[in-house]
Amino acid sequence: MKQKRSASSLVRNIVLLVLVILGIVCLMSQSGAAAEPVPEAVAEEAPPAWFWPVVLFGFAFVIGVIAPISGVGGGVLFVPLATALLPFSVDFVRGTGLVMALVSAQSSAPHLIKKGLANLRIMAPLVIVSIVFSILGSLLGLWLTNAIPTGEYYVIIALGLLLLGVFVLMVKSKKVHYPEIEEAGPFAETMELNGEWYEHDRESTVQYKTTRFRMAALCFAGVGFLGGMFGVGAGWANVPVLNLVMGAPLKVATATSMSIISVNGAAAVWVYLAKGAILPLMVLPSVIGITVGARIGARISHKAKPVFAEYLVMGILLLAAILDIFKGLRGLEVF
Amino acid sequence: MEEEIKLEPMYDKFGSVMQAVAYAGLGLLLVFGLLYLFGFFGATVSPEECMMHWDEPATVFWQETKGGDVDGYGWFLTNLTGMDSLSLLGVALLALCPVIALGMALFHAPRLYIFIFVVLILEFIFIVIRPLIFSGG
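About the thresholds
Residues numbered from 1 in each chain as written. Chains lettered and ligands numbered in written order. Predicted model: local features only at pLDDT ≥ 70, side-chain atom pairs only at ≥ 80, totals over all residues. Heavy atoms only, no water. Contact = heavy atoms within 4.5 Å. Buried area = accessible area lost by both parts, 1.4 Å probe. Salt bridge = Lys/Arg side-chain N within 4 Å of Asp/Glu carboxyl O. Pairing = 2+ DSSP bridges. Helix = DSSP H or I, 4+ residues; strand = E, 2+ residues; numbered from the N terminus. Phe/Tyr/Trp six-rings, centres within 6.5 Å; stacked < 30°, edge-to-face > 60°. Buried < 20%, exposed > 50% of the residue type's maximum accessible area, 1.4 Å probe, protein only.

Peer 1: Looking at this model, I keep getting lost on the interface of chain A and chain B. Mind explaining?
Peer 2: Much of the literature gives interface size as the accessible area that the parts lose upon coming together. On the side of chain B, 64 residues touch chain A, which itself brings 65 residues to the contact. Between chain A and chain B lies a buried interface of about 5,600 Å² when both sides are counted; carbon and sulfur atoms form 74% of it. Contact with chain B buries area across many residues of chain A, yet Trp270(A), Leu281(A) and Leu284(A) alone supply 14% of it, more than any other trio. Summed over the shared surface of chain A and chain B, the number is 2 salt bridges.

Quick look at the structure:
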């Protein structure tokens with residue numbers, strides 16, 4: 001009963017988040033179409049060629065270390081922070097963030113799939129829905145920054161709002177390691193959306209079944225849209241939906257989310273690639289940085305206090321949200 | 001003593017193919033990306049030029065660096081002498097990874113999932129060729 005209530009509140013939060021962000025973006029782009037472009041800043045003397053790749057490497061490395069300790073994906077930290085603090089266009093930051101999320105997901109998903117922790121039977125029908133919305137989100141995001149003179153700033157503000165939503169989601173959503181599902185849903189029953197894996201901590205095989213597929217598919221449509229639009233992996237929403245809405249055990253939800261990102265992210269990358277929004281000069285140091293950092297982070301995560309790491313990440317998210325909204329509003333010359 | 005979990009063959013196939021293709025894609029990205037970063041051989045857009053314009057939206061970036069719009073894959077597929085374009089082949093391979101894995105797992109999937117995998121593959125193919133249909137790029 002309690003789980004059902006938290007599941008429906010999660011669905012409500014996600015739908016609300018998508019609607020609020022879409023509404024604000026629509027409203028702002030309406031007024032922005034007529035707005036004057038912001039005058040370009042006076043070009044400063046360029047730093048040496050190695051400078052920014054090294055900064056990107058260090059930046060992604062730090063995020064790579066923090067992410068595994070706190071349990072969030074690197075993309076959701078990289079995109080807003082890089083947008084707020086580094087001098088790159090949000091187009092290239094999102095393209096880079098997507099490739100980073102893709103590389104991370106494709107590095108871990110095969111192992112999890114072969115172990116049976118990531119459930120392909122759950123992933124495939126959900127991805128059919130989310131992939132369509134992920135593409136729509138990518139197209140809208142790139143259209144906004146390229147077709148409207150001040151569109152970039154609206155996207156940055158929307159990114160800040162998304163982060164506030166992620167922050168609220170992290171504060172409010174509870175994790176259930178082994179949700180109890182009395183009866184599998186009708187769709188889940190037909191599609192056999194169930195599974196089992198050997199749990200070392202329990203020294204036994206854990207069997208599970210799932211439910212409420214339709215509600216989860218609705219959430220995945222929204223999450224896919226936001227993930228594509230902002231170039232983030234969206235594990236922050238996938239996991240609670242799989243865990244709280246569908247009732248998948250937490251480990252299965254995390255692993256299945258990875259495999260979903262490896263498909264969804266790949267689809268969205270094609271949109272960014274076709275628009276020339278992926279630059280190897282940014283992608284390479286970021287991918288190497290986050291990969292090396294994540295390996296170190298994974299080792300530290302056994303010793304680190306997860307509660308501290310979670311608070312740290314929540315603090316970073318809140319700060320990045322404020323910085324992004326501030327940067328967007330300043331770009332629009334609101335103040 | 002670990003109990004043996006019987007997994008459907010599609011799991012192993014999907015996982016193995018994804019792993020192999022992802023490694024190949026990552027390898028391409030890293031090797032050619034590093035050559036580009038350290039200035040070996042040619043580049044489609046030099047790092048210096050890239051840094052001058054990467055604070056502009058993608059459309060403006062390509063107008064400033066190459067004098068035209070980008071819509072499709074021709075901008076890197078027709079410039080494969082540049083190390084940056086070659087490293088993007090790695091990104092393309094990473095982005096093709098799931099569809100190749102799905103295609104291989106298809107032959108090992110239960111009947112109902114063959115249908116779902118085919119729908120997914122068709123969706124993916126449409127996504128890849130969409131810019132070619134709508135812009136001819």
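Back to the write-up after that little detour.
Peer 1: It is not clear to me how the pairing of strand β2 (residues 204-209) of chain A should be interpreted in this structure. Could you clarify?
Peer 2: Note on strand geometry: in a regular strand, side chains alternate between the two faces of the sheet. Where strand β1 (residues 194-199) of chain A lies against β2(A), 6 bridges are found, and the strand directions are antiparallel. Bridge assignment links Trp197(A) to a residue of β2(A), and that residue is Val206(A).

Peer 1: Can you walk me through the packing of aromatic side chains in this structure?
Peer 2: Any two aromatic rings considered together are summarised by their centre-to-centre distance and by the angle between their planes. Tallying each qualifying case throughout the model produces 16 aromatic pairs over all chains. Centroid distance Phe51(A) to Trp52(A): 4.9 Å. Interplanar angle 80°. Geometry classified as edge-to-face. The partly exposed category is assigned to Phe51(A), whose relative accessible area is 30%. Note on Trp52(A) and Phe88(A): the rings are 5.9 Å apart at their centroids and 75° apart in plane angle, and the pair reads as edge-to-face. Highlighted residues: Trp52(A) in helix α2 (residues 51-70) and Phe88(A) in the loop between α3 (74-85) and α4 (90-115), separated in sequence by 36 residues. You'll find Trp52(A) and Phe88(A) in the same group, each marked buried. Among the aromatic side chains, those forming a connected cluster through ring pairs are Phe92(A), Trp270(A), Phe61(B), Trp62(B), Tyr73(B), Trp75(B) and Phe76(B).

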